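The primary structure of each chain is shown beneath.
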Amino acid sequence: MSPAVLQPLKEALTLAYWFKPDLRAFLNNTLGDRHLVAQFDWQGDYKRTIVAQLVDSLASQQHKYFNELLSLILDTAAITDPSWLKRVEDGEKKYADAVAALKTLREQVEPYRRIRSEEEEATRRREAERADAETRRAMTEKLEELRTLLYEIVKQEPQARGYSLEKLLNQLFALFDIDAKAPFKVYGEQIDGAFTFDGTEFLLEAKWQNLKCEPKDLDIFASKVSRKLDNTLGLFLSMNGFQQSAIDLHSQGRPLMILMDGADLSAIIDNRIKLSELLTRKRQHAARTGEIYLGAYNILG
């Protein structure tokens, strides 16, 4: 902190507040640490003496009180109209003297405003980075939990496996803030549901059966989707994949659905790709090529 700014600061503080209680209140609010203000003799010492002692004390310990001194400079310079001085004896002159002293201080504070702006921006960046790191940590922990659940599901009997997959999908969609209209529900080995993603309504059908899904499985789902409004699409998840004939048949004409398999689900849970990114890339690929299946590992290369 340049010594050149300290004397204008002392003069502005001394003149801006005529009564010591008002000055003391301002200093308490600005510095935040009442001990810094209370250490002086407010009853016996002159106001100018207290101000000089305070500023010199802060300046001599800038390694400890730099931010407090910076706040004092900027907050004092921010006083543009000390109109309260007009109410005291000879108020107009006291007001004019204070305005002049504050103006002199303001002429020197621009470098210190930049310091504060840089500090605030650095603080904002640190906070954003901290929040981002916390979000990533929480995401990683939840995905690890879901990975453990998926390993357990593989060992289960078909009926239990369906209910466990329902639980996993509900948690997965919630983790990525994708708006499921209602919790996905199991019917036998089949899960039905609906969700909104990127402004589009989706119907969900999920199956975990031993064989790959056949064309007829996609036919049934396509008929469900086609009975809904035009902007409705389908997401068909088959943990064991799809027969190529089913993919080829439903990639003809205007696709009504996109397909997802167990490898896609594993890629998401292994934190290789986000669910939101995978859905976006699958939909874009289907819109541009007509092909309703694009595997996560084709995207990842």
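These figures come from a predicted structure and were not determined experimentally. (Residues numbered from 1 in each chain as written. Predicted model: local features only at pLDDT ≥ 70, side-chain atom pairs only at ≥ 80, totals over all residues. Heavy atoms only, no water.)

### A word on the overall build of the protein chain
- A count of helices and strands for the protein chain gives 13 helices and six strands.
- The C-alpha atoms of the protein chain give a radius of gyration of 34 Å, which is well past the 19 Å a tight globule of 301 residues would have.
- Of all 301 residues assigned to the protein chain, the portion counted as buried reaches 44%.
- Pairs at least 24 apart in sequence give 61% of the contacts found in the protein chain among residues at least 6 apart. (Helix = DSSP H or I, 4+ residues; strand = E, 2+ residues; numbered from the N terminus. Rg over C-alpha atoms; globule rule 2.2 N^0.38 Å. Buried < 20%, exposed > 50% of the residue type's maximum accessible area, 1.4 Å probe, protein only. Contact = heavy atoms within 4.5 Å.)

### So, helix 1 (residues 6–16)
- For helix 1, the tally of buried residues reaches nine of eleven residues, placing the bulk of the element in the interior.
- Listed as buried for helix 1 are L6, P8, L9, K10, A12, L13, T14, L15 and A16.

### Focus on the side chain of D264
- Checked against the element boundaries, D264 lands in helix 11 (residues 262–269).
- Among all residues touching D264, those that are not within four sequence positions of it are L259, L278, K282, Y293, L294, G295 and A296.

### A few points about helix 2 (residues 20–31)
- Here helix 2 is twelve residues long and its end C-alpha atoms lie 16 Å apart, about the 16 Å a rise of 1.5 Å per residue gives.
- All of the buried residues in helix 2 are L23, F26, L27, N28, T30 and L31.
- In this structure, the buried residues of helix 2 make contact with helix 1, helix 3 (34–38), helix 4 (47–60) and helix 5 (62–77).
- Just downstream of helix 2, G32 is the residue with a positive phi angle, here 80°. (Expected span 1.5 Å × (residues − 1).)

### Side note on the environment of A25
- One can find A25 in helix 2.
- Since its relative accessible area comes to 36%, A25 is described here as partly exposed.
- Expressed as a C-alpha distance, the spacing of A25 and L169, which sit 144 residues apart in the sequence, is 58 Å.

### Quick look at the confidence of the model for the protein chain
- Averaged over all residues, the pLDDT of the protein chain equals 89, while 98% of them reach at least 70.
- Here strand 2 (residues 185–187) is the element of the protein chain with the lowest mean pLDDT, 70, and strand 6 (residues 257–261) is the one with the highest, 96. (pLDDT = per-residue confidence, 0-100.)

### Describing the nonpolar core
- Ranked by internal contacts, the top residues of the largest apolar core, which has 39 residues, are L168, L169, F195, L235, L265 and L275.
- Contacts of L168, omitting those with residues within four sequence positions, involve L146, L149, L150, I153, L265 and I269.
- In terms of nonpolar packing, the next biggest core, distinct from the first, is built from 38 residues, L9, L15, V55 and L72 among them. (Core = buried A, V, L, I, M, F, W, Y, C linked by side-chain atoms within 4.5 Å.)

### Some remarks on the packing of helix 7 (residues 110–154) against helix 11
- Helix 11 packs onto helix 7 with a crossing angle of 145° between their chain directions and a minimal axis gap of 9 Å. Contacts from L143, L146, R147 and L150 in helix 7 reach L265, S266, I268 and I269 in helix 11.
- Within the contact of helix 7 with helix 11, the residues separate by chemical class into six nonpolar, one polar and one charged. (Axes fitted to C-alpha atoms, helices over the stretch in contact; angles between N-to-C directions. Nonpolar A, V, L, I, M, F, W, Y, C, P; charged D, E, K, R; others polar.)

### A closer look at the pattern of salt bridges
- For the structure shown, the criterion picks out twelve salt bridges.
- Its salt-bridge partner being D97, residue K93 comes within 2.9 Å of it at the nearest N-O pair. With K93 and D97 both in helix 6 (residues 91–106), this residue pair falls four residues apart, about one helical turn.
- For K93, a relative accessible area of 47% puts it in the partly exposed group.
- Note that E107 is salt-bridged to K103, the shortest N-O span being 2.9 Å.
- Looking at K103, the relative accessible area reads 48%, which means it is partly exposed.
- One salt-bridge network, in which partners are shared between bridges, spans E134, R137 and E141. (Salt bridge = Lys/Arg side-chain N within 4 Å of Asp/Glu carboxyl O.)

### Topic: the pairing of strand 6
- Most of strand 6 sits inside the fold, with five of its five residues counted as buried.
- Where burial is concerned, the two faces of strand 6 agree: the one with M257, L259 and D261 and the one with I258 and M260 are both buried.
- In terms of strand pairing, strand 5 (residues 232–238) meets strand 6 through five bridges, oriented parallel. The residue of strand 6 that forms the bridge with G234 is M257.
- The parallel pair strand 5 and strand 6 is bridged by helix 10 (residues 244–249), and the resulting crossover is right-handed. (Pairing = 2+ DSSP bridges. Right-handed = clockwise from strand over helix to strand, strands pointing away.)

### Digging into the pairing of strand 4 (residues 200–207)
- The element strand 4 is largely enclosed, with a buried count of seven among its eight residues.
- Taken together, the seven bridges between strand 4 and strand 5 define a ladder with parallel strand orientation. Within the sheet, the bridge partner assigned to K207 lies in strand 5 and is S238.
- In this view, the connection linking strand 4 to its parallel neighbour strand 5 by way of helix 9 (residues 215–226) has right-handed handedness.

### Thoughts on the packing of aromatic side chains
- Inspection of the entire model under this criterion finds six aromatic pairs.
- Geometrically, the ring pair formed by F195 and F202 is stacked, given 5.0 Å between the ring centres and 0° between the ring planes.
- F195 gets classed as buried once you look at its relative accessible area, which sits at 0%.
- Seen from their ring centres, F221 and F236 are 5.4 Å apart, and the 85° between their planes marks the pair as edge-to-face. Separated by 15 residues along the polypeptide, F221 in helix 9 and F236 in strand 5 bring together distant segments of the chain. The pair F221 / F236 is uniform in exposure class, with both members buried. (Phe/Tyr/Trp six-rings, centres within 6.5 Å; stacked < 30°, edge-to-face > 60°.)

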